[in-house]
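Overview (structure and organization)
For reference, the chains in residue letters:
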Amino acid sequence: MKTYGLVLAMTLVSQAALPQTTPARLSPAQQVIERAQKAIEKQPNRYEPYNVLAMGLARRARETSDVIYYAQADKALEKSFHLEPDNFEGRKTQVWILLGKHEFAQALEAAQALNRRMPDDVLVYGLLTDANIELGNYKEALEAVQWMLDMRPGNVAAMTRAAYVREMIGYADGALEFMNWAYQRTSANEVEDRAWILTQIAHIQINTGKIDAAEKTLDQAFEVFPGYHYALANMAKVRTAQQRYDDAVELLRRRYAAAPHAENLYDLADAWERASHAGQAKAAFAEFEQKSRAEMNKADNSNRELIFYYADHARKPAEALQVARREIARRHDVHTLDAYAWALYVNGDYAEARKQIEKALAVGVREAQLFYHAGAIASKLNDRAAASRYLLQALDLNPAADLSKPANKMLALLEHR
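Please read all numbers here as calculations on a predicted model, not as lab measurements. (Residues numbered from 1 in each chain as written. Predicted model: local features only at pLDDT ≥ 70, side-chain atom pairs only at ≥ 80, totals over all residues. Heavy atoms only, no water.)

This part takes up the overall build of the protein chain. Counting its secondary structure elements, the protein chain contains 23 helices and zero strands. The globule rule puts the C-alpha radius of gyration for 417 residues at 22 Å, and the 22 Å found for the protein chain is close to it. Considering only C-alpha atoms, the protein chain reaches an extent of 75 × 40 × 40 Å along its principal axes. Across the 417 residues of the protein chain, 57% fall into the buried class. Long-range contacts, defined as pairs at least 24 residues apart, comprise 58% of the intrachain contacts of the protein chain with a sequence gap of at least 6. (Helix = DSSP H or I, 4+ residues; strand = E, 2+ residues; numbered from the N terminus. Rg over C-alpha atoms; globule rule 2.2 N^0.38 Å. Buried < 20%, exposed > 50% of the residue type's maximum accessible area, 1.4 Å probe, protein only. Contact = heavy atoms within 4.5 Å.)

This is the structure:
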């Protein structure tokens, strides 16, 4: 489950100006929920507190990775719209929830309607950015986030989005710069938001091979928000890069216990396999496949993980391609293009695989896995120069990544052709 609207949520909540009397023992989202419920008890016929309650519940979904809070948020919005049909703040919150539920096309359509209705609302551009990124509309995402930065320079909601866009187009240093600025400008009371930013910083550090720096960043995230599920996932990547495979398993077990989603189970199964616990890996993969296929037709699915499961673990290329075609019909972001390209590769359609992976790389993204996949595909097409270039880029970008061994092996084979 992905998170959306960092600080956008904070801003939407603050617009209702609820009294700040909730004890700090609660998480930020729980504090918002409690204040909203008290406001509703006092004035049940005002629509504004229902909007705040909805956003608090959506933020709680992000804190816990429990999607049940989105359903509760939808009910709060129903009450808001009953009291004040089509109120603007409620509609913005509704888009934020659609993004959380991975209803990306519907979220984009709704955000565009809000933008036409209120073209100078900065936060609507944030919603446009989120939806366009997930659908793979990077040009439109860049335009939307630039509007945010121009209309309100230095606002945190824009900086976190600008960081993500920069990362996608290949500017990791610039992405880190924006994330660090955002962290410095986020209130110390917003502990989950601060932990989220730190986790994103660590994610970029991991992808660029800065493993020691990522470990320190994640330690800081745990200090800010203990047991944070996003930080657990990234620390597992750190432990994997350090070849501490059993430690990675334990971290991913904790994350799956807190957030039992199919994609999290896939990561755990993969970690079991890497740690040479074949029995546990086999059982976890079997359970993952069952859970993943059950949600295959839903918006919030684990189809990308299912593609890689069929391609790399189950050795069922036809199934991998079937799922990939289903997902590529929904969205064209770089990671879906990568998964589609890999499904084509394991099915022997190397020319089409190259076309799809080059679409992803054309965005500018610099990730070791994508370069490795591009190298493997080029190798099958006997393009030694391109294959070597991509594989060396993968190794240069992140020499500690899991793919370093197969990449080096492939390079050695290319040299002897």
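On to the nonpolar core, then. Leu361 and Tyr372 are the most contacted members of the largest nonpolar core, which has 143 residues in total. Discounting residues that sit within four places of it in the chain, tyrosine 372 has contacts with Trp342, Leu391, Ala394, Leu403, Pro406, Ala407 and Met410. (Core = buried A, V, L, I, M, F, W, Y, C linked by side-chain atoms within 4.5 Å.)

In most cases, non-glycine residues show a negative phi, while peptide bonds are predominantly trans. Even without being a glycine, serine 276 presents a positive backbone phi close to 65°. Structurally, serine 276 can be placed in the loop between helix 15 (262-274) and helix 16 (278-294). By relative accessible area, serine 276 is classed as exposed at 64%. At arginine 315, a position not held by glycine, the phi torsion is positive, near 55°.

So, on to the packing of helix 15 against helix 17 (residues 303-313). The N-to-C vectors of helix 15 and helix 17 enclose an angle of 25°; their axes lie 10 Å apart at closest approach. Taken together, the axis directions place helix 15 and helix 17 in an arrangement best described as roughly parallel. Seen from helix 15, the contacting residues are Glu263, Tyr266, Asp270 and Glu273; seen from helix 17, they are Glu305, Phe308, Tyr309 and His313. Its residues assigned to classes, the contact of helix 15 with helix 17 shows three nonpolar, one polar and four charged. (Axes fitted to C-alpha atoms, helices over the stretch in contact; angles between N-to-C directions. Parallel < 35°, antiparallel > 145°, perpendicular 65-115°, else oblique. Nonpolar A, V, L, I, M, F, W, Y, C, P; charged D, E, K, R; others polar.)

So, about the side chain of aspartate 270. Mapped onto the elements of the fold, aspartate 270 is located in helix 15. Apart from residues lying up to four places away in sequence, aspartate 270 is in contact with Phe285 and His313.

Time to look at the environment of glutamate 48. Within the fold, glutamate 48 resides in helix 3 (residues 48-64). Relative accessible area serves as the criterion here: at 26%, glutamate 48 is assigned to the partly exposed category. Separated by 124 residues in sequence, glutamate 48 and alanine 172 place their C-alpha atoms 39 Å apart.

Turning next to the environment of glutamine 242. Within the secondary structure, glutamine 242 is located in the loop between helix 13 (229-241) and helix 14 (245-258). When the C-alpha atoms of glutamine 242 and methionine 151 are compared, they prove to be 43 Å apart, with 91 residues separating the residues in sequence.

We now examine the side chain of aspartate 130. For aspartate 130, the position within the fold is in helix 7 (residues 122-135). A distance of 2.9 Å separates a polar atom in the side chain of aspartate 130 from a polar atom in the side chain of arginine 161. (Polar contact = N/O pair within 3.5 Å; in protein donor to acceptor, adjacent residues only side chain to side chain.)

Geometrically, a pair of aromatic rings is defined through the distance of the ring centres and the angle of the planes. Scanning all chains against the criterion turns up 13 aromatic pairs. Residues tyrosine 228 and tyrosine 230 carry aromatic rings whose centres are separated by 5.5 Å and whose planes lie at 75° to one another, so their mutual orientation is edge-to-face. Residue classification places tyrosine 230 among the buried positions, given a relative accessible area of 14%. When the ring of tryptophan 342 is compared with that of tyrosine 372, the centres are 6.2 Å apart and the planes differ by 45°; the resulting orientation is tilted. (Phe/Tyr/Trp six-rings, centres within 6.5 Å; stacked < 30°, edge-to-face > 60°.)

Right, let's get into helix 20 (residues 350-362). The terminal C-alpha atoms of helix 20 lie 18 Å apart, and with 13 residues this matches the ideal 18 Å at 1.5 Å per residue to within 8%. Those residues of helix 20 not exposed but buried are Ala353, Gln356, Ile357, Ala360 and Leu361. Across the axial projection of helix 20, the buried residues extend over an arc of 140°, all falling on one side. Exposed residues pointing more than 90 degrees away from the buried face of helix 20 are listed as Ala351 and Ala362. In the core, the buried residues of helix 20 are packed alongside helix 19 (334-346), helix 21 (368-380) and helix 22 (384-397). Where helix 20 ends, the next residue or the one after it, glycine 364, has phi of about 115°, a positive value. (Expected span 1.5 Å × (residues − 1). Arc of directions from axis to C-beta.)

Here the focus is the packing of helix 13 against helix 14. For any two helices packed against each other, one specifies the crossing angle of their axes together with the interaxial distance. At their nearest, the axes of helix 13 and helix 14 sit 8 Å apart, and the two run at 165° to each other. When the axis of helix 13 is compared with that of helix 14, the two are roughly antiparallel. Between helix 13 and helix 14 the crossing geometry is left-handed. Contact with helix 13, carried on its side by His229, Leu232, Ala233, Met235, Ala236, Arg239 and Thr240, involves Tyr245, Asp247, Ala248, Leu251, Leu252, Arg254 and Arg255 of helix 14 and no other residues of that element. (Left-handed = near helix turned anticlockwise from the far one by under 90°.)

What follows covers the confidence of the model for the protein chain. Per-residue confidence for the protein chain averages 93 on the pLDDT scale, and 94% of its residues sit at or above 70. Note that pLDDT drops below 50 for residues 10-23; the model gives that stretch 28 contacts with residues more than four away or on any other chain. (pLDDT = per-residue confidence, 0-100.)

Counted by the stated rule, this structure contains 27 salt bridges. Here lysine 38 and glutamate 34 are joined by a salt bridge, their closest N and O atoms 3.7 Å apart. Highlighted residues: lysine 38 and glutamate 34, both in helix 2 (residues 28-42), separated by four residues, approximately one helical turn. (Salt bridge = Lys/Arg side-chain N within 4 Å of Asp/Glu carboxyl O.)

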